[in-house]
Every structure is written in C-alpha cells, then in structure tokens.
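# Structural overview
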Amino acid sequence: ELLGLPREWVAKRVGVDARTVRNWESPRYFYPPKREAWDLVEGLWRRADGKAAGLVEIASSAARVARERGVEPAPLMLAYWRDAAQWAKAHPEDGDAGMWRVENAAARLAADRLGGHGPAGPGRRGHGPAGRDRVRGARGVTDAPYLMSR
C-alpha cells in the first residue's frame, strides 16, 4: 500500500489477473502470493527505502553545512509525481512508467524520516503536492527543512 502499486500493475508484472492480487490482499482468503510477487514488492521497497535514505542524507548534510557557515538551510525540494505521464516526460530513458509510484513512496518515506520539519521549522508541516499539507511529525532523524512538490 505504501508503494501505491495498483493491483493491475502488479498482476501484469507477475503474470496473474488483478482478481488474484485482490485475493492475496484479502483477509478473507488464505491465498499466498507467488514468489515473483514477493520479489517484486520487496525489490521495489528496497529501491524506495534506499532512495529515501539518500534524500535524508542529502538534506542532513546540506543542513549541517549551511549551519556551519552560519546560515539557515534552504528547504530541500522532494519531487512528488502527479501521474505516469509526468514521470515519463521527465524520465524518457526509463521504460517503466510505473516507477513514479516508487519515487513517490521514496519522497513520502524521506519526508516522514525528516520528521515534519518543514520550512517554518520543527513541529510544522511540510508542503505537499498542490500546496496541500501532506506530512506531519514531531520528531525525526534530522532537522533539515523540506518541501514536497512537483
């Protein structure tokens, strides 16, 4: 769910129909997913988690350097894609338009790890897509500011 993968997309990737994926997700059925489905989701999760860790490291490093220089760090912009078409336009070399969902999951994970320390400071909300507040948090691993937008 955090990865935002539609059933149809997962089904196509692992060679089943969407109803089968729905059955895997349903608590009413004990119908274990194919190994390929687990491998797919675990691989995508690792990709999102790794990208989020990298974003947090960039934000933390930038904030530390700025403060060492006596300035308040500028917000880090986290890309958040509206749809597959927007992703494909920005990433023509990547043939998998479904990866925009993984990139969005990475941005949500990074924002969560940054702890909701948006441009207004600790304890405030970061700004999400279309200016809506998307992220809350009282504590995080860094005090680097961020914005989520695309």
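What you see is a predicted model, and the numbers here were worked out from it, not measured in a lab.

About the criteria used
- Residues numbered from 1 in each chain as written.
- Predicted model: local features only at pLDDT ≥ 70, side-chain atom pairs only at ≥ 80, totals over all residues.
- Heavy atoms only, no water.
- Helix = DSSP H or I, 4+ residues; strand = E, 2+ residues; numbered from the N terminus.
- Buried < 20%, exposed > 50% of the residue type's maximum accessible area, 1.4 Å probe, protein only.
- Contact = heavy atoms within 4.5 Å.
- Areas by Shrake-Rupley, 256 points an atom, 1.4 Å probe, with all protein chains shown as cover.
- Core = buried A, V, L, I, M, F, W, Y, C linked by side-chain atoms within 4.5 Å.
- Axes fitted to C-alpha atoms, helices over the stretch in contact; angles between N-to-C directions.
- Parallel < 35°, antiparallel > 145°, perpendicular 65-115°, else oblique.
- Left-handed = near helix turned anticlockwise from the far one by under 90°.
- Nonpolar A, V, L, I, M, F, W, Y, C, P; charged D, E, K, R; others polar.
- pLDDT = per-residue confidence, 0-100.
- Phe/Tyr/Trp six-rings, centres within 6.5 Å; stacked < 30°, edge-to-face > 60°.
- Salt bridge = Lys/Arg side-chain N within 4 Å of Asp/Glu carboxyl O.

### With respect to the overall build of the chain
In terms of helices and strands, the chain carries five helices and four strands. Along the chain direction, N to C, the helices and strands of the chain fall in the order α-α-α-β-α-α-β-β-β. Counting all 150 residues of the chain, 39% fall into the buried class. Sequence separation of 24 or more characterises 60% of the internal contacts of the chain that already satisfy a separation of 6 or more. Counting only carbon and sulfur atoms, one obtains 52% of the accessible surface of the chain, whose full area is about 9200 Å².

### Let's talk about helix H1 (residues 7–14)
Because each turn of an α-helix spans 3.6 residues, side chains separated by three or four positions end up pointing in the same direction. Here H1 has its buried residues at Trp-9, Val-10, Ala-11 and Val-14. At its buried positions, H1 is contacted by helix H2 (18–25) and helix H3 (35–68). Note on H1: the residue one or two positions beyond its end, Gly-15, has a positive phi of about 80 degrees.

### Quick look at the environment of Glu-36
Assignment of secondary structure puts Glu-36 in helix H3. In the structure, Glu-36 is positioned 22 residues away from Val-14 in sequence and 5.9 Å away in space, judged by C-alpha atoms.

### Brief notes about the nonpolar core
Counting residues in hydrophobic clusters, the biggest one holds 31 residues, and the most contacted among them are Val-10, Leu-44, Ala-48 and Leu-78. Those elements giving two or more residues to this core turn out to be H1, H2, H3, strand S1 (76–79) and helix H5 (99–113). Of the residues forming this core, the biggest block, nine residues, is contributed by H5. Residue contacts for Leu-44: discarding those within four places in its chain leaves Leu-3, Leu-5, Trp-9, Met-99 and Val-102.

### A word on the side chain of Glu-103
Mapped onto the elements of the fold, Glu-103 is located in helix H5. A relative accessible area of 11% places Glu-103 in the buried class. Beyond its immediate stretch of four places on either side in the chain, Glu-103 contacts Arg-47, Lys-51, Trp-81 and Trp-87.

### Examining the packing of H1 against H3
Close contact between H1 and H3 brings their axes to 9 Å; oriented N to C, the two are set at 120 degrees. One finds that H1 runs oblique with respect to H3. Crossing angle aside, the handedness with which H1 passes H3 is right-handed. Residues Trp-9, Val-10, Arg-13 and Val-14 of H1 form the contact with H3, whose participating residues are Glu-36, Ala-37, Leu-40 and Leu-44. Of the residues assigned to the contact of H1 with H3, the class counts are six nonpolar, no polar and two charged.

### What about the confidence of the model for the chain?
Per-residue confidence for the chain averages 76 on the pLDDT scale, and 74% of its residues sit at or above 70. For residues 117–145, every residue scores under 50 in pLDDT, and the model assigns this stretch 74 contacts once sequence neighbours within four places are set aside.

### Here we look at the packing of aromatic side chains
In this structure the tally under the stated criterion is one aromatic pair. Ring centres of Trp-81 and Trp-87 lie 5.5 Å apart, and the angle between their planes is 85 degrees; this geometry places the pair in the edge-to-face category.

### What about the pattern of salt bridges?
The final tally for this structure, using the stated rule, is eight salt bridges. A salt bridge links Asp-39 to Arg-35; the shortest N-O distance between them is 3.0 Å. With Asp-39 and Arg-35 both in helix H3 and four residues apart, this pair spans about one turn of that helix. We classify Asp-39 as partly exposed; its relative accessible area is 40%. What makes Arg-35 partly exposed here is its relative accessible area of 48%. Here Lys-51 and Glu-103 are joined by a salt bridge, their closest N and O atoms 3.3 Å apart. Of the two residues, Lys-51 is situated in helix H3 and Glu-103 in helix H5; the sequence distance between them amounts to 52 residues. Looking at Lys-51, the relative accessible area reads 37%, which means it is partly exposed.

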